[in-house]
Amino acid sequence: MNWNDYEGLWKRQELPLGAAADLPALRATFEAKRRKLAKTLFARDLLEGSAGLLVSGVFGYTWWHIGKEGWPIALAIGLILGVSAFFARERIRAHRNRLGPGVPLLARLEAEIAELQHQRQLLLHVWSWYLAPCVGAMAIIFFTVIRILRQTQPDFFPALWAHPAALAWIFLYFALVLPGCYWGIWAMNRRAVRRQIEPRLEELSKLRADLLATN
């Protein structure tokens, strides 16, 4: 799954000013920014949901190639499809919460605040619903392939031990590169919360307080 694309989607959002934002500017730009966020989330859900289906297809092909001994791969496929289902559920939720035309500004503002609070929780807990299933699926694939290689190619691992450079690359990948990628995803999401969502919530809370005071 390409989280570089996802990071780019968030970076396209203009950095909010937070509580220091100008109220007339907030009123004037609210609808445009609301629609832009909705499009960003739609693109995210579509990209990630589709990527999950693609990865599941690759896992399925691997299982077919290995044969019935590769049955644990079905568990990995289930985990990845679960992530895709999560993004599909996000689309269903967004469709149900979509506001019709003519809704007052205050109602639209309340809905946007609720959406941003929901996204904040998703990004802060990305380990539980995204990273953990991905790590679990990768672990299943890894140990299944190792088991199959031991059964079908008993000379593979003795030959591998005879090549220290190859062993070093494998160790670096699983000990540094892969954990670094997952850490980067976690850090990217927390940065999006800190730099995008929380300041925007401050702006919208300021605008809501002004609307309530003038009504």
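On a predicted model such as this, the values are computed, not experimentally measured, just so you know.

(A) Spotlight on the environment of Glu69. Its place among the elements puts Glu69 in the loop between α2 (23-66) and α3 (73-96). For Glu69, a relative accessible area of 37% corresponds to the partly exposed category. A C-alpha to C-alpha distance of 10.0 Å links Glu69 and Gln151, two positions 82 residues apart in sequence. Once you skip the residues sitting within four places of it in the chain, Glu69 turns out to touch Arg147, Ile148 and Gln151.

(B) Expanded view of the packing of aromatic side chains. As enumerated under the stated definition, the model contains nine aromatic pairs in all. Look at Phe86 and Phe87: their rings are 6.1 Å apart centre to centre, the planes differ by 85 degrees, and that puts the pair in the edge-to-face class. The exposure class of Phe86 is buried, given its relative accessible area of 13%. We classify Phe87 as buried; its relative accessible area is 2%. One aromatic cluster is present, built from ring pairs that chain together Phe86, Phe87, Trp129 and Tyr130.

(C) Quick peek at the nonpolar core. One finds Phe59, Ala76, Trp129, Tyr130, Leu131 and Tyr182 to be the most contacted residues of the largest nonpolar core, which totals 20 residues. Looking at this core, the elements that each hand over two or more residues are α3, α5 (126-152) and α7 (164-214). Among the elements that make up this core, the one with the highest residue count is α5 (eight residues). Once you skip the residues sitting within four places of it in the chain, Tyr182 turns out to touch Trp127, Leu131, Cys134, Val135 and Met138. Listed in part, the 16 residues of the second largest apolar core include Leu26, Phe30, Leu41 and Leu207.

(D) Region of interest: α7. Between its terminal C-alpha atoms α7 stretches 73 Å, which fits the 75 Å expected from 51 residues at 1.5 Å a residue. Bending of α7 peaks at approximately 40 degrees at the position of Tyr173.

(E) Seen up close, a nonpolar patch on the surface. Where nonpolar side chains cluster on the molecular surface, the patch consists of Met138, Phe142, Phe143, Trp169, Ile170, Phe171, Leu172, Tyr173, Phe174, Leu176 and Val177 and spans about 1,100 Å² of accessible area. When contributions to the nonpolar patch are tallied by element, the ones reaching two or more residues are α5 and α7. No other element matches the eight residues that α7 contributes to the nonpolar patch. Along the chain, Ile170 turns up in helix α7.

Each value, and the rule that gives it
Residues numbered from 1 in each chain as written. Predicted model: local features only at pLDDT ≥ 70, side-chain atom pairs only at ≥ 80, totals over all residues. Heavy atoms only, no water. Helix = DSSP H or I, 4+ residues; strand = E, 2+ residues; numbered from the N terminus. Buried < 20%, exposed > 50% of the residue type's maximum accessible area, 1.4 Å probe, protein only. Contact = heavy atoms within 4.5 Å. Phe/Tyr/Trp six-rings, centres within 6.5 Å; stacked < 30°, edge-to-face > 60°. Core = buried A, V, L, I, M, F, W, Y, C linked by side-chain atoms within 4.5 Å. Expected span 1.5 Å × (residues − 1). Bend = angle between axes of the 7 residues up to and from the residue. Patch = residues over 30% accessible without salt bridge, like charges linked within 9 Å, V, L, I, M, F, W, Y side chains within 5 Å. Areas by Shrake-Rupley, 256 points an atom, 1.4 Å probe, with all protein chains shown as cover. Salt bridge = Lys/Arg side-chain N within 4 Å of Asp/Glu carboxyl O.

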